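Structure assessment
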Amino acid sequence: MIKEKSKVTIAYKLYADGNLIESRGLNDPLEFIIGVSTVFENIQKIFIDKNINENVEYEFNGNEIVPEYSEDYVIKSAISDLFGDIEITDELKSILYVGNIIPVTYENQQFMACITEVNDEEVILDFNHPFANKTIKISASILNYVDLSDEEIAAEIESWKE
């Protein structure tokens with residue numbers, strides 16, 4: 001049975017308000033270590049005491065793991081401000097469409113923002129987490145798991161740095 005420190009391999013579908021937002025199948029499964037991974041803790045916990053070939057479903061309010069939606073995180077920006085000194089080409093503008101998620105650097109930190117509106121001069125960027133104010137559902141199949149020693153976990157963590 002899966003427990004703390006198990007390395008778990010799953011195929012899954014993730015929904016926000018009933019809309020599929022992410023999936024990983026048999027050819028591209030997700031691997032994570034219970035208690036160590038960056039996978040949200042409340043999602044990790046649903047796999048404890050489960051076995052290979054079990055299917056798991058879990059639904060929760062996104063605000064349990066991310067801040068509530070705030071209009072303060074929605075900003076209007078001139079397109080020229082997004083790209084700094086870079087020449088704005090048609091190819092560069094091609095990434096500016098509603099629904100696209102782009103990296104934005106502010107004070108030497110990178111944030112992800114969803115474009116909610118765009119015109120020739122400016123864009124509206126939403127920096128809220130995609131789970132904010134949404135009902136989240138994960139539907140997963142456990143493909144495999146391995147119990148790891150502390151040494152094996154340390155080696156796994158070291159490999160993430162590469």
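The structure contained in this document is the topic of the report that follows.

Rules used in this analysis
- Residues numbered from 1 in each chain as written.
- Predicted model: local features only at pLDDT ≥ 70, side-chain atom pairs only at ≥ 80, totals over all residues.
- Heavy atoms only, no water.
- Helix = DSSP H or I, 4+ residues; strand = E, 2+ residues; numbered from the N terminus.
- Rg over C-alpha atoms; globule rule 2.2 N^0.38 Å.
- Buried < 20%, exposed > 50% of the residue type's maximum accessible area, 1.4 Å probe, protein only.
- Areas by Shrake-Rupley, 256 points an atom, 1.4 Å probe, with all protein chains shown as cover.
- Lys, Arg positive; Asp, Glu negative; His and termini not counted.
- Charge placed at Lys NZ, Arg CZ, Asp CG, Glu CD.
- Pairing = 2+ DSSP bridges.
- Axes fitted to C-alpha atoms, helices over the stretch in contact; angles between N-to-C directions.
- Core = buried A, V, L, I, M, F, W, Y, C linked by side-chain atoms within 4.5 Å.
- Contact = heavy atoms within 4.5 Å.
- Salt bridge = Lys/Arg side-chain N within 4 Å of Asp/Glu carboxyl O.
- 1 Å grid on protein atoms, 1.4 Å probe; cavity = no way out; pocket = protein on both sides within 12 Å on 5 of 7 lines; lining within 4 Å.
- Points joined across faces, edges and corners; volume = space filled by probe spheres on them.
- Nonpolar A, V, L, I, M, F, W, Y, C, P; charged D, E, K, R; others polar.

**Regarding the overall build of the chain**
Counting its regular elements, the chain contains four helices and nine strands. For 162 residues, the compact-globule formula gives about 15 Å, and the C-alpha radius of gyration of the chain, at 19 Å, lies well above that figure. If you line up the chain on its principal axes, its C-alpha atoms span 55 × 35 × 30 Å. Burial statistics for the chain: of 162 residues in total, 30% are counted as buried. When the accessible surface of the chain is summed, it comes to about 10,600 Å², and 47% of that surface belongs to carbon and sulfur atoms. Across the chain, the mean location of the 12 positive side-chain charges is 8 Å away from that of the 32 negative side-chain charges.

**Brief notes about the sheet that holds strand β7 (residues 109-118)**
Strands sit in the order β5-β8-β7-β6 across an open sheet of four strands; the sheet is antiparallel. The strands lining the two open edges of the sheet, one partner per strand, are β5 (74-78) and β6 (101-106). Ignoring which end each strand starts from, the neighbouring axes of this sheet average 45° apart. In this sheet, strand β8 (residues 122-126) lies alongside β7 in antiparallel orientation, the contact comprising four bridges. When the bridges of β8 are listed, E117 appears paired with I124.

**Quick notes on the nonpolar core**
Note that soluble globular proteins tend to have their nonpolar side chains buried in a common cluster. In this structure, I2, V8, I10, Y12, F32, F47 and I138 are the most contacted members of the largest nonpolar core, which totals 23 residues. For this core, the secondary-structure elements that each account for two or more residues are β1 (6-16), β3 (30-33), β4 (55-61) and β9 (135-147). Leave out the neighbours within four places in its chain, and Y12 touches E22, S23, R24, L30, I138, S139 and A140. Membership of the second largest hydrophobic core comes to nine residues, among which are I79, L96, I115 and L125.

**So, the pattern of salt bridges**
For the structure on display, the rule yields eight salt bridges. Each of K7, E31 and E156 takes part in a single network of salt bridges with overlapping partners.

**As for the side chain of S77**
One can find S77 in strand β5. When near neighbours in sequence (up to four residues on either side) are disregarded, S77 contacts L82, E121, E122, V123 and L125.

**Thoughts on the layout of surface pockets**
Where empty space is left can be seen by rolling a probe of water-molecule size over the atoms. In this structure, the largest pocket spans a volume of roughly 430 Å³. Forming the boundary of the largest pocket are 21 residues, of which Y12, E22, L30, V39 and F40 lie nearest the centre. Residue assignment for the lining of the largest pocket shows that the elements contributing at least two residues are β1, β2 (19-24) and β3. The leading source of residues in the lining of the largest pocket is β3, at four residues. Residues belonging to the lining of the largest pocket are distributed by class as follows: 15 nonpolar, three polar and three charged. In this structure, the second largest pocket occupies an estimated 350 Å³ of space. Lining the second largest pocket we find 14 residues, and of these C114, D126, N128, H129 and P130 sit closest to its centre. It is β7 that provides the largest number of residues to the lining of the second largest pocket, a total of five residues.

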